[in-house]
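One-letter residues, chain by chain:
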There are 2 protein chains.
Amino acid sequence: MSSSHPVQQATPSSQPTPERIFELINAYQDSAALKAGTELDLFTAIGEGNQDPASIARRCKASERGIRILCDYLTIAGLLTKKDSRYGLAPDAAMFLDRRSPASMASLPGFLLLPALTNAFQDLATVVRKGRTVMSDAGTLGPEDPIWVEFARNMAPLMTFSAELIADLLKASERKKWKVLDIAASHGLFGITLARHNPNAEIVAVDWANVLQVAKENAAAAGIAGRYRTLPGSAFDVDYGAGYDVVLLTNFLHHFDMPTCETLLRKVYAALSPGGRAVALEFVPNEDRISPPIAAKFSMIMLGTTPSGDAYTHSQYQSMFRNAGFKSCALHSLPIPEQIVVAEK
Amino acid sequence: MSSSHPVQQATPSSQPTPERIFELINAYQDSAALKAGTELDLFTAIGEGNQDPASIARRCKASERGIRILCDYLTIAGLLTKKDSRYGLAPDAAMFLDRRSPASMASLPGFLLLPALTNAFQDLATVVRKGRTVMSDAGTLGPEDPIWVEFARNMAPLMTFSAELIADLLKASERKKWKVLDIAASHGLFGITLARHNPNAEIVAVDWANVLQVAKENAAAAGIAGRYRTLPGSAFDVDYGAGYDVVLLTNFLHHFDMPTCETLLRKVYAALSPGGRAVALEFVPNEDRISPPIAAKFSMIMLGTTPSGDAYTHSQYQSMFRNAGFKSCALHSLPIPEQIVVAEK
C-alpha cells in the first residue's frame, strides 16, 4: 500500500468558481445546525467540560455519529473549536449559547426559526413577485398575533444590553420627573430599564393586550409595577395622553411604509412635551443599502413577513421625522447591529 | 432640521458579539434568496443589461419593492454588484447563474432546494439524536428513488467540468482498447466523456433503470450509443462482468458506511483486470475533518439524507481500498470542491 501522489492544494485562481454558490445553496443547513445545537443543549454540554463526541453524545442523549458531524459543522461555522478530536466553545458561543451564561440567548434560534417565521421564505420568488408577505394580509402585524407574545418571552435576554445602552444615551439617572411612553413595549424591558435607572420615571406601555401581560410580569419582577401603566391596543388607535418627555419606538417603525410611519410620528409628536424626544431603536443601513450586512439584510425579513415594511436609512428617518414636525433627527451608533435614532420636538 | 450627531462607526472590539449567531440564524434566507433569484431568472435579466430595480422588475415580472430588496440582499451575498442604485453580475453569477452562459447551473438551486431534500434538515435535532436520516428507512437510497432521476437531469451541467478533469487525469485519449464500468452512472456524463475522448472505449453503466434512461439519452446525444451498454439495478446486486480497465465510482461511496463500501470495493476489485484502476470522485475532507469547508460540511448532507453515509478522509479511503485488496490509493486534488481517489489493482 503506497500513496503514490502527495495531497496537493488546489491552486488559488481568480477564475469564477461555483463554491460561493454552493455555500449559499446549503446555507439553510447553517440555520438548522445552530437550532439543533441549542435544542440539544450542545453548547452547555461542551461548556460543562464534555469535549469528545462520546461524552457530548451521552450528555445530549444523542448518537455519537450525529454529534460528531454536528460538532464538526459548528466548528466550521465558527461556534466551536476543535483540537485533536476534542471540541471547545468559541468565545461567541461561550457568551451567548451556553445556558449557564448570564448573557445566554440559547432560546433565540429555536424561536427565530419557528416554522411560523421561516415559512415566510419558503417560496420567496412569489413574495418578490407580489412585493409583500404571502403569510396573510397583515403578515405578522394582525391584532394580537401570538407570535409577539413568543417574541416578548424569547427576545428579552437579547434586549437587556440594548436597553442599558439607551438608558445611558438618555442619561436616564440624571432626570428628575420623567414621563416615558413605550410604544410596542413587548417584553417591556426598554421602559422598565429606564424606570430602574430613574426612580422618578413613570412608564406608560402600549402593545396588544396579550403581549402586555408579559411586560407587566417583567415590571413586577423589576419592582417598578407601581410606576408602570399599560394601554392595550394598536399604537395607531389608542389615546396616548400627553406631556411625555420620552417616547420609545423600539423595533417598531420598520414594520410599516413611510407614509404610515409619518402618521404615527405625528401622533407621537403631539404626545411629547416641547423639547421631548422620540427614541427609535432600529436596523439602519447606510445610504448604499448594502452595508453593514445585518442592518442591510433586515429589509429581507420585512419583505418576507410584512406588507410594506423596510430597513430605513438615516436620510429616510430624517425625512419621516421632519415631515412629522420634529426639529432634529440624529443617529447614534451602538456596539450592536442596531442603532438609535433620536428626534427632538 | 439638523443632524446634531455625525454617524459614528461602532468601535471594533475583541469582545464576543451575537453578530455571527444572527448571521447563522438567518442563513436560511441566503438559500431562499438564491433560489428566488434563479426562479425569477434575475441573473439573466441583469446579464442582459437591466440594471435598475424598475427594469429588472419588468423583465422578471415582479414587484419593484421585492426586486430592490432581493438585489440588495444578493449584493451583500456576493453575487451582484451595486453602484449608484444600479446592479451588475459578480463574476461567479455571470459564469454560473446567467442562463445564457455555457457553464450555467441556474437550475441547480431549485433542484437542491426542493423540499424533498431540505425537509431532511427541518428537525435536525432529531436526526442528531438518532444518528441517521429521518426521511425514511433508506433516506434517498431506496430502489429507483425518483430524486436520482431529477439529480441526473439537473446536475449534469455541473459535472461536465469534473468529467473532463477525470478524462485528463486518466489520459483517456492515449488508451487503446479500454473497458470502463460506470457505477451509479446517473446522467452518464463521466463514462460518456471518457468515450468521447477515446473512440476505442466501451462503457458499461450501472444505475437504477429509471435513472439509466437519462444516461442513455445523453449517450445517444453524444453519438456514442453504440459503445454504451447499461446494467439496471443495485450496484451491490448486479453482475458487473469482468476485465475492466477502469471502474468509475463518482459521488457514490459517501452514501454508505465503511464496511458497506468495502463490500462494494471487493466486488469492484474482482471486476478489474490486473493493473486496472478504481476512480472515485468524492468530497474528501482533510484529516482534521473541518477543512476545506465544502468537503468537510458534506458530512452533514449525508447525516441528513442517509442512514450511515459520510465524507471520508484520504486515510479512510486508504483503509477501505486496502481492505478490499487494492495495492495503492492516491488522492488527486482538483480545482473544484471534490477530489479524485485512484486505487490500483
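Before reading on, note that the structure itself is shown above.
This section reports on the structure supplied with the text. Computed from a predicted structure; not experimentally measured.

## Here we look at the nonpolar core
Ranked by size, the top nonpolar core spans 186 residues in total, and within it A:L42 and B:L42 carry the most contacts. The residues touching A:L42, leaving out its near neighbours within four places in the chain, are A:G37, A:I56, A:C60, A:I67, A:L70, A:C71, A:L74 and A:L80.

## Focus on helix 10 (residues 147-169) of chain B
A bend of about 60° at B:A156 is the largest found in helix 10 of chain B, and the proline B:P157 appears one to four places after it. Residue B:K171 follows helix 10 of chain B closely and has a positive phi angle near 50°.

## Let's talk about the pattern of salt bridges
Following the criterion strictly, the structure yields 28 salt bridges over all chains and no others. The partner of B:D72 in a salt bridge is B:K82, with the nearest N and O atoms 2.8 Å apart. Taken together, the positions of B:D72 in helix 5 (residues 64-76) and B:K82 in strand 1 (residues 80-83) put the pair 10 residues apart, joining distant regions of the chain. We classify B:D72 as buried; its relative accessible area is 4%. The network of salt bridges with common partners includes A:R68, A:D72, A:K82, B:R289 and B:D310.

## As for the sheet that holds strand 4 (residues 201-207) of chain B
Residues and elements named next belong to chain B. Taken together, the 7 strands give an open sheet; going across it, the order is 5-4-3-6-7-9-8, and neighbouring strands pair in mixed fashion. Strand pairing shows two members of the sheet lacking a second neighbour, strand 5 (228-232) and strand 8 (328-333), which therefore form its edges. Going across the sheet, the axis of each strand differs from the next one's by a mean of 20°, ignoring polarity. Across 6 bridges, strand 3 (residues 178-183) lies against strand 4 in parallel orientation. By the bridge assignment, V180 is partnered in strand 4 with I203. Of the strands in this sheet, strand 7 (272-282), strand 8 and strand 9 (339-344) are in contact with helix 15 (residues 314-323), which crosses strand 8 at around 150°.

## Here's the deal with the interface of chain A and chain B
Of the residues lining the interface, 103 residues belong to chain A; the matching set on chain B comes to 103 residues. Of the roughly 8,800 Å² buried at the junction of chain A and chain B (both faces included), carbon and sulfur atoms supply 68%. At the junction of chain A with chain B, the criterion picks out 6 salt bridges. Grouping the constituent residues of the side of chain A that touches chain B by class yields 57 nonpolar, 25 polar and 21 charged.

## Digging into the packing of aromatic side chains
Residues and elements named next belong to chain B. Summed over the entire model, instances satisfying the criterion amount to 22 aromatic pairs over all chains. A centroid spacing of 6.1 Å and a plane angle of 70° characterise the contact between F111 and F151, whose relative ring orientation is edge-to-face. Of this pair, F111 sits in helix 7 (residues 108-112) while F151 sits in helix 10, and the two are 40 residues apart along the sequence. F111 sits in the buried class, given a relative accessible area of 3%. Of the residues examined, F151 reaches a relative accessible area of 16% and is grouped as buried. Measuring from ring centre to ring centre gives 6.4 Å for Y317 and F321, while their planes differ by 40°; the resulting arrangement is tilted.

## Focus on the relation of the copies chain A and chain B
Note on the copies: chain A fits chain B at an RMSD of 0.0 Å, the axial shift is 0.0 Å, and the rotation between them is 180°. Both copies are brought into coincidence by an operation consistent with a two-fold rotation axis. For chain A, the residue whose C-alpha comes nearest the rotation axis is A:Y28, separated from it by 1.8 Å. Looking at the interface residues of chain A, 100% of them are also at the interface in chain B, so both copies use one shared face.

## Focus: the environment of B:R266
All names here are of chain B. Its place among the elements puts R266 in helix 13 (residues 258-271). Considering only alpha carbons, one finds R266 and A205, 61 residues apart in sequence, at a separation of 18 Å. Beyond its immediate stretch of four places on either side in the chain, R266 contacts N323 and A324.

## Some details on the environment of A:S291
All names here are of chain A. Residue position: S291 is located in the loop between strand 7 (272-282) and helix 14 (293-305). Not counting the four nearest positions on each side in its chain, S291 is found in contact with P285, N286 and A296. At 2.9 Å, the side chain of S291 forms a polar contact with the side chain of D288.

## Some thoughts on the packing of helix 5 (residues 64-76) of chain A against helix 14 (residues 293-305) of chain B
Interhelical geometry of helix 5 of chain A versus helix 14 of chain B gives an angle of 145° and a closest axis separation of 9 Å. Our pair here, helix 5 of chain A against helix 14 of chain B, has a crossing hand that is left-handed. Contacts from A:R65, A:G66, A:R68, A:I69, A:L70, A:Y73 and A:I76 in helix 5 of chain A reach B:P293, B:A296, B:K297, B:S299, B:M300, B:M302 and B:L303 in helix 14 of chain B. Looking at the contact of helix 5 of chain A with helix 14 of chain B residue by residue, the classes come out as 9 nonpolar, 2 polar and 3 charged.

## Digging into the sheet that holds strand 4 (residues 201-207) of chain A
Residues and elements named next belong to chain A. Taken in spatial order, the 7 strands of this open sheet run 5-4-3-6-7-9-8, and their pairing is mixed. Strands at the two margins of the open sheet, each flanked by one partner only, are strand 5 (228-232) and strand 8 (328-332). Ignoring which end each strand starts from, the neighbouring axes of this sheet average 20° apart. Pairing of strand 7 with strand 9 (residues 339-344) involves 6 bridges; the strand directions are antiparallel. In the sheet register, A280 faces strand 9, and the bridge partner there is V341. In this fold helix 15 (residues 314-323) packs onto strand 7, strand 8 and strand 9, with an angle of close to 150° to the strand it touches most, strand 8.

About the thresholds
Residues numbered from 1 in each chain as written. Chains lettered and ligands numbered in written order. Predicted model: local features only at pLDDT ≥ 70, side-chain atom pairs only at ≥ 80, totals over all residues. Heavy atoms only, no water. Core = buried A, V, L, I, M, F, W, Y, C linked by side-chain atoms within 4.5 Å. Buried < 20%, exposed > 50% of the residue type's maximum accessible area, 1.4 Å probe, protein only. Contact = heavy atoms within 4.5 Å. Bend = angle between axes of the 7 residues up to and from the residue. Helix = DSSP H or I, 4+ residues; strand = E, 2+ residues; numbered from the N terminus. Salt bridge = Lys/Arg side-chain N within 4 Å of Asp/Glu carboxyl O. Pairing = 2+ DSSP bridges. Axes fitted to C-alpha atoms, helices over the stretch in contact; angles between N-to-C directions. Buried area = accessible area lost by both parts, 1.4 Å probe. Nonpolar A, V, L, I, M, F, W, Y, C, P; charged D, E, K, R; others polar. Phe/Tyr/Trp six-rings, centres within 6.5 Å; stacked < 30°, edge-to-face > 60°. Least-squares fit on C-alpha atoms with pLDDT ≥ 70 in both. Polar contact = N/O pair within 3.5 Å; in protein donor to acceptor, adjacent residues only side chain to side chain. Left-handed = near helix turned anticlockwise from the far one by under 90°.

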